[in-house]
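In case you want the letters, here they are:
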Amino acid sequence: MKKLIAVVLVCSLSLPAFAGLGSDKSKYVGGTTESLKKEVEGKIITDDEKVMVFAYGAGKLSIPYDKFVGLAYGQHAGRRVGATVAWGVTTLGIMALPMLFSKKRKHFLTIEYTDDRGVNQAAVFEIGKEAVRWTLKALEVRTGKKIVFEDDEARKAGSK
C-alpha cells in the first residue's frame with residue numbers, strides 16, 4: 001500500500017513538469033525585450049484592434065500593431081526522452097519505451113517590432129498548439145504583415 005501511495009504521489013507531483021505548455025497558453029522564451037524574463041508563461045491576446053498584449057502573472061507586454069516589423073513562425077520537434085525516463089523509473093518500466101519514439105512539437109512565433117524609443121526589438125514566444133492557428137491569423141490580419149514560415153511543415157501547421 002505504501003508503494004502505491006508513493007507511486008501516485010510521485011506521478012502527481014511530476015506530471016506538471018512533463019505536461020509542457022498549456023494548449024492555449026504562450027511563453028516568452030527570449031529576445032531583446034527588457035521588461036520580460038525568459039520562460040514567463042502567459043497568454044497572447046489579440047482582441048484589441050490596436051494592440052497585441054502578452055498577459056503574464058501580474059504584468060503585461062503591449063505591442064501596437066503598427067509597430068510590428070515582421071512575423072515568423074516555425075516548429076521544432078524533439079523526442080520525449082525526459083518523460084520516458086521518468087515514467088519508466090516511476091511506474092511503467094519497459095512499457096514506457098514507446099513514448100521515446102513519439103515526437104513532441106513546439107511552436108514558435110518571432111515578433112520583430114520597434115519600441116517607443118524607435119529601437120528595433122524581437123520577442124520569441126512558444127505557443128500552445130491550440131492557439132497557433134488563430135494567433136497567427138489574427139496577427140496577420142491586424143498587422144497587415146505576412147508571416148514568414150520556417151519551412152513547409154510550419155506552413156501546413158499555421159494554415160490548418
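The preceding data block contains the structure.
Owing to the predicted nature of the structure, the values given are computational and were not obtained by experimental measurement. (Residues numbered from 1 in each chain as written. Predicted model: local features only at pLDDT ≥ 70, side-chain atom pairs only at ≥ 80, totals over all residues. Heavy atoms only, no water.)

## Thoughts on the overall build of the protein
And step 1. Broken down by element type, the protein carries five helices and eight strands.
And step 2. Scanning the protein from its N terminus toward the C terminus, one meets helices and strands in the order α-β-β-β-β-β-α-α-β-β-α-β-α.
And step 3. A buried classification covers 36% of the 160 residues belonging to the protein.
And step 4. Intrachain contacts of the protein at a sequence separation of at least 6 include 57% that bridge at least 24 residues.
And step 5. Looking at the protein as shown, the accessible area adds up to about 10,000 Å², and 58% of this sits on carbon and sulfur atoms. (Helix = DSSP H or I, 4+ residues; strand = E, 2+ residues; numbered from the N terminus. Buried < 20%, exposed > 50% of the residue type's maximum accessible area, 1.4 Å probe, protein only. Contact = heavy atoms within 4.5 Å. Areas by Shrake-Rupley, 256 points an atom, 1.4 Å probe, with all protein chains shown as cover.)

## Quick notes on the pattern of salt bridges
And step 1. A full pass over the atoms with the stated rule returns five salt bridges.
And step 2. Notably, a salt bridge pairs arginine 117 with aspartate 115, separated by 2.9 Å at the nearest N-O pair.
And step 3. In this structure, lysine 137 engages glutamate 140 in a salt bridge whose closest nitrogen and oxygen atoms are separated by 3.1 Å. On the criterion of helical spacing, the pair formed by lysine 137 and glutamate 140 is a turn pair, its members being three residues apart in helix H4 (residues 132–143).
And step 4. A relative accessible area of 16% places glutamate 140 in the buried class.
And step 5. A cluster of three or more residues bridged by salt bridges with shared partners is formed by Lys27, Glu39 and Glu126. (Salt bridge = Lys/Arg side-chain N within 4 Å of Asp/Glu carboxyl O.)

## Brief notes about the side chain of threonine 33
And step 1. Relative to the assigned elements, threonine 33 resides in the loop between strand S1 (26–31) and strand S2 (40–45).
And step 2. Engagement of the side chain of threonine 33 in a polar contact is seen with the side chain of tyrosine 113, the distance being 2.9 Å.
And step 3. Not counting chain neighbours up to four residues away, the residues in contact with threonine 33 comprise Tyr28, Leu61, Tyr113, Gln121, Ala122 and Ala123. (Polar contact = N/O pair within 3.5 Å; in protein donor to acceptor, adjacent residues only side chain to side chain.)

## Quick word on the environment of tyrosine 65
And step 1. Along the chain, tyrosine 65 turns up in the loop between strand S4 (59–64) and strand S5 (68–79).
And step 2. C-alpha of tyrosine 65 to C-alpha of valine 141: the two residues are 76 residues apart in sequence and 9.8 Å apart in space.
And step 3. Discounting residues that sit within four places of it in the chain, tyrosine 65 has contacts with Ile45, Thr46, Asp48, Glu49, Lys50, Val51, Met52, Leu139, Arg142 and Thr143.

## Details of the side chain of glutamate 140
And step 1. A polar atom in the side chain of glutamate 140 sits 3.1 Å from the side chain of lysine 137.
And step 2. For glutamate 140, the side chain forms a polar contact with the main-chain nitrogen of isoleucine 147, separated by 3.3 Å.
And step 3. Not counting chain neighbours up to four residues away, the residues in contact with glutamate 140 comprise Leu71, Lys145, Lys146 and Ile147.

## Thoughts on H4
And step 1. Taking 1.5 Å of rise per residue, the 12 residues of H4 would be expected to cover 16 Å, and the 16 Å separating its terminal C-alpha atoms lies within 8% of that figure.
And step 2. Taken residue by residue, H4 has Val132, Thr135, Leu136, Ala138, Leu139, Glu140 and Thr143 as its buried positions.
And step 3. Positive backbone phi, approximately 75°, marks glycine 144, located one or two places after H4. (Expected span 1.5 Å × (residues − 1).)

## Quick look at unusual backbone geometry
And step 1. Positive phi, close to 65°, is recorded for glutamate 39, a residue that is not glycine.
And step 2. Checked against the element boundaries, glutamate 39 lands in the loop between S1 and S2.

## Quick look at the packing of aromatic side chains
And step 1. Throughout the structure, instances matching the rule amount to five aromatic pairs.
And step 2. When the ring of phenylalanine 54 is compared with that of tyrosine 56, the centres are 5.7 Å apart and the planes differ by 25°; the resulting orientation is stacked.
And step 3. Relative accessible area serves as the criterion here: at 0%, phenylalanine 54 is assigned to the buried category.
And step 4. For tyrosine 56, a relative accessible area of 18% translates into the label buried.
And step 5. Here the aromatic cluster, defined as three or more aromatic residues joined through ring pairs, consists of Tyr28, Phe54, Tyr56 and Phe125. (Phe/Tyr/Trp six-rings, centres within 6.5 Å; stacked < 30°, edge-to-face > 60°.)

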